[in-house]
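Here's the letter readout for the chains.
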Amino acid sequence: MSRRSGLIALFTADVVSVLGNRVSMVAIPWLVLTTTGSPAKMGLIAGAEMLPYVVSGVLAAPLADRFGLRRTSIVTDLGSAVAMAAIVMTPGSSFAWLCLLVAIAGTLRGLGDRVKHVMLKPMADAAGVKMIRVTSSYEGFTRTATLVGAPIGGLLISWIGPNKAIWVDAISFLVCAALVACLVRLPPAVADAPAPPKEPYFQALRGGFSYLRKDQLLLGMIVMVFFLNVFNQAGTAVFVPLWVEEVLQSPAALGLLFGAFAAGALLGNVIFIVLGPRLPQYASFVIGAAIGGAPRLFALGLSHQLWVVVSVSFCCGIANAAVNPVMGVTLYERVPAALQTRVFGVTGAIAFIGIPIGGVLAGWSAATFGLRPALIASGVILLVVTLVPVYRWWRHPVELARYPASEEAA
């Protein structure tokens, strides 16, 4: 088995997992709605998965280091498959039982995703593939899986019903476990490395927080991703639907606006896969964040023209495509291998927590101040936040790779 085939198998397992999860994220709330008739319970079931997903990536990371990355990936995928199968095989169960099973799946998936991300670096190094290409490709494929997963889930619900659609997610976890078990072998330098000395759990847990706190450049980048997630979610969940309802009174425009941003992001990923290794990483990150965020909010707040908002959304999607790949490769380059599971868990939690915050803040600000003031104020805040690293880069135009983490964290 070639080293590249192992990298491709790991990459494929991660993308298949994302695709299956998107199907279940549609099917499970629909199952709750059809069985309970309660929109409130639909929201609760979504939170029952997302909160454990975020928390487990942090709290369980020290345990994954002890258990082994590859083994953890296989076990968490198998456990997630069992949890999804249990949902289907226990029809008529209480809502509390359903929440428990979904929370178990979210907990296992959060940890499984973290360890798969950690394994990408040694697998890419062994295959001789630059990490910027790996992170760019990963962003493109997972974004595509995210886009097509929800429509596929809706079609499966229509064709075979929500219960059988959930089976698709269970099977996707089995496929992931089989791919990693049969095709993924960590390089000998990693697999045969002596086990690190065992630390007390809370001491190991603090290691991830302590490292991130000391690395000011990395901390600044993840805070930027947090703010981007806050305002991107605000736009997706609240601002764009409200703008469409108030200005156009046509739900059909929702798909056009979301599709324009997604199409721009996919095009941006393709461009960045080709050009990324030749571009300065930090400059790509800060310029992508600055162009990919605030202009979209300003277009919604200042224009009534659909073509203007669609065009700006498309351009923002292209620029935004540089953010996550650079963030990913920076984590791999700056964080020591022994700490990656823990630090990746912390950074993932910081980034993901911005998503629920964004929806809540957008709803409150639009209800309190009105849609346009809320949009313009959000655009100003995000513009100021994203211009801070642009100013730093302009004053000190350095390439991140020239400065190892030890120098920034000193």
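Just so you know, the residues in each chain are numbered from 1, in the order the chain's sequence is written. Residue-level local features of this predicted model are given only where pLDDT is at least 70; pairs of side-chain atoms are given and counted only at 80 or more, and the full residue set underlies all totals for whole chains, interfaces and linings. The side-chain values count all of the structure's non-hydrogen atoms but skip hydrogen atoms and water molecules.

J.: Mind showing me how you'd approach the overall build of the chain here?
T.: Along the backbone of the chain there are 18 helices and zero strands. Residue exposure (1.4 Å probe, protein chains only): buried if accessible area is under 20% of the type maximum, exposed if over 50%, otherwise partly exposed. Of all 410 residues assigned to the chain, the portion counted as buried reaches 50%. Computed with the Shrake-Rupley method and a 1.4 Å probe, the accessible areas treat only the protein chains shown as cover for residues. Carbon together with sulfur atoms contributes 72% to the accessible area of the chain, which is approximately 18,300 Å² in total. Strands here are runs of E lasting at least two residues and helices are runs of H or I lasting at least four, both read from the DSSP assignment and numbered beginning at the N terminus.

J.: Any chance you could explain the packing of aromatic side chains here in plain terms?
T.: Aromatic rings considered in pairs are described by the distance between their centres and by the relative angle of their planes. When two rings of Phe, Tyr or Trp (its six-membered ring) have centres within 6.5 Å they constitute a pair, described as stacked for plane angles under 30 degrees, edge-to-face for angles over 60, and tilted for the intermediate range. Applying the stated criterion to the full structure yields five aromatic pairs. Between Phe226 and Phe227, the ring centres sit 5.3 Å apart and the planes meet at 75 degrees, which makes this aromatic pair edge-to-face. When its relative accessible area of 25% is taken as the criterion, Phe227 is described as partly exposed. Ring geometry for Trp364 and Phe369: centres 5.5 Å apart, planes at 90 degrees, overall edge-to-face. A connected cluster of aromatic rings, assembled from ring pairs, spans Phe11, Tyr138 and Phe141. By definition here, charges over rings are those cases where NZ of Lys or CZ of Arg is within 6 Å of the ring centre and within 35 degrees of the ring normal. Across the ring face of Phe67, the terminal group of Arg71 is positioned such that the distance to the ring centre comes to 5.0 Å. Above the plane of the ring of Phe261 lies Arg296, whose end atom (NZ or CZ) is 4.2 Å from the centre.

J.: Mind showing me how you'd approach the pattern of salt bridges here?
T.: Between side chains of opposite charge, a pair can form as their charged atoms come close. Any Lys or Arg side-chain nitrogen found within 4 Å of a carboxyl oxygen on Asp or Glu counts as a salt bridge. Under the criterion given, the structure shown has four salt bridges. Two residues, Lys121 and Asp125, come together in a salt bridge whose shortest N-O distance is 2.7 Å. With Lys121 and Asp125 both in helix H5 (residues 95–127) and four residues apart, this pair spans about one turn of that helix. One salt bridge in this structure joins Asp215 and Arg334, with 3.0 Å as the shortest N-O distance. One end of the pair, Asp215, is in the loop between helix H9 (201–214) and helix H10 (216–248); the other, Arg334, is in helix H15 (residues 323–334), and 119 residues separate them in sequence. Judged by its relative accessible area of 0%, Asp215 is buried.

J.: Looking at this structure, I do not really get the confidence of the model for the chain. What am I missing?
T.: Parts of the prediction with low pLDDT should not have their coordinates interpreted in detail. Confidence scores per residue from the predictor, reported as pLDDT, run from 0 to 100. Overall, the prediction assigns the chain a mean pLDDT of 83, with 89% of residues at 70 or greater. For the chain, the element scoring lowest by mean pLDDT is helix H18 (residues 405–408), at 40; helix H13 (residues 294–302) scores highest, at 95. Any two residues having at least one pair of non-hydrogen atoms within 4.5 Å are treated as being in contact. Segment residues 398–410: pLDDT under 50, and 24 contacts once partners within four positions in sequence are set aside and those in other chains are kept.

J.: I would appreciate a short explanation of a nonpolar patch on the surface in the present structure.
T.: Surface patches are drawn from residues lacking salt bridges whose relative accessible area is over 30%; two like charges belong together within 9 Å, two nonpolar side chains (Val, Leu, Ile, Met, Phe, Trp, Tyr) within 5 Å. On the surface, Leu267, Ile271, Val274, Leu275, Leu279 and Phe314 cluster together to form a nonpolar patch covering roughly 440 Å² of accessible area. The dominant element in the nonpolar patch, judged by the number of residues it contributes, is helix H11 (residues 252–275), at four residues. Relative to the helices and strands, Ile271 is located in helix H11.

J.: What is the right way to look at the packing of H10 against H13 in this model?
T.: To describe two helices that pack against each other, one gives the angle between their axes and the distance between the axes. Taken N-terminus to C-terminus, the directions of H10 and H13 make an angle of 15 degrees; their axes are 11 Å apart at the nearest point. With respect to each other, H10 and H13 are oriented roughly parallel. As for how H10 packs across H13, the hand of that crossing is left-handed. Facing Phe231, Asn232, Phe239, Val240 and Trp243 of H10, the residues of H13 in contact are Arg296, Leu297 and Leu300. Following the grouping adopted for this structure description, the nonpolar residues are Ala, Val, Leu, Ile, Met, Phe, Trp, Tyr, Cys and Pro, the charged ones are Asp, Glu, Lys and Arg, and the polar ones are all others, Gly among them. Looking at the contact of H10 with H13 residue by residue, the class counts come to six nonpolar, one polar and one charged. Every axis corresponds to a line fitted to the C-alpha atoms, with the helix fit spanning only the stretch in contact, and the corresponding angles, defined between N-to-C directions, vary from 0 to 180 degrees. Each angle receives one of four descriptions, namely roughly parallel if under 35 degrees, roughly antiparallel if over 145, roughly perpendicular if within 65 to 115, and oblique otherwise. Handedness of a crossing follows from how the near helix is turned relative to the far one, being left-handed for an anticlockwise turn of less than a right angle and right-handed for a clockwise one.

J.: What is the right way to read H5 from this model?
T.: Count 3.6 residues to each turn of an α-helix, and residues three or four apart come out pointing the same way. Between its terminal C-alpha atoms H5 stretches 47 Å, which fits the 48 Å expected from 33 residues at 1.5 Å a residue. The largest bend in H5 amounts to roughly 25 degrees and is located at Leu120, with the proline Pro122 lying one to four residues further along. In terms of residue burial, H5 counts as a mostly covered element, since 24 of its 33 residues are buried. Two residues or fewer past H5, Gly128 is found with a positive phi of approximately 75 degrees. Expected helix span is taken as 1.5 Å per residue step, with the number of steps being one fewer than the number of residues. Note on bend: the value at a residue is the angle between axes fitted to the seven residues ending there and to the seven starting there.

J.: Can you help me understand the side chain of Ser56 in this one?
T.: With respect to the helices, strands and loops of the structure, Ser56 is situated in helix H2 (residues 39–59). Not counting chain neighbours up to four residues away, the residues in contact with Ser56 comprise Ala61, Gly106, Thr107, Gly110 and Leu111.

J.: Looking at this structure, how should I read the environment of Val88?
T.: In this structure, Val88 sits in helix H4 (residues 69–89). Note on Val88: relative accessible area 13%, which makes it buried. For the pair Val88 and Ile166, spaced 78 residues apart in the sequence, the C-alpha separation amounts to 7.0 Å. Val88 has contacts with Asn163, Ile166 and Trp167, leaving out every residue within four places of it along the chain.

J.: How should I be thinking about the packing of H4 against H5 in this particular structure?
T.: Their axes nearest at 8 Å, the elements H4 and H5 cross at an angle of 155 degrees. Classed by the angle they form, the pair H4 and H5 counts as roughly antiparallel. Considering only the axes of H4 and H5, their crossing is left-handed. Of the residues in the contact of H4 with H5, the class split is 15 nonpolar, six polar and four charged.

J.: It is not clear to me how the nonpolar core should be interpreted in this structure. Could you clarify?
T.: What tends to happen in soluble globular proteins is that the nonpolar side chains get buried as a cluster. The criterion is simple. A nonpolar core is a set of buried Ala, Val, Leu, Ile, Met, Phe, Trp, Tyr and Cys residues joined through side-chain atoms within 4.5 Å. Judged by nonpolar contacts, the single largest core of 82 residues is most densely connected at Leu7, Phe239, Phe285 and Met327. Of all the elements, H10 adds the most residues to this core, at 16 residues. Not counting residues within four places of it along the chain, the set of residues in contact with Leu7 comprises Leu120, Met123, Ala124, Ala127, Val129 and Val134. By size, the runner-up hydrophobic cluster in this structure holds 24 residues, among which are Ala83, Val88, Ala105 and Phe173.

J.: Just checking my understanding: could you explain the side chain of Ser284 for this structure?
T.: Mapped onto the fold, Ser284 is located in helix H12 (residues 281–292). The exposure class assigned to Ser284 is buried, which follows from its relative accessible area of 11%. Setting aside anything within four residues of it in sequence, one finds Ser284 in contact with Phe272, Leu279, Ala322 and Val326.

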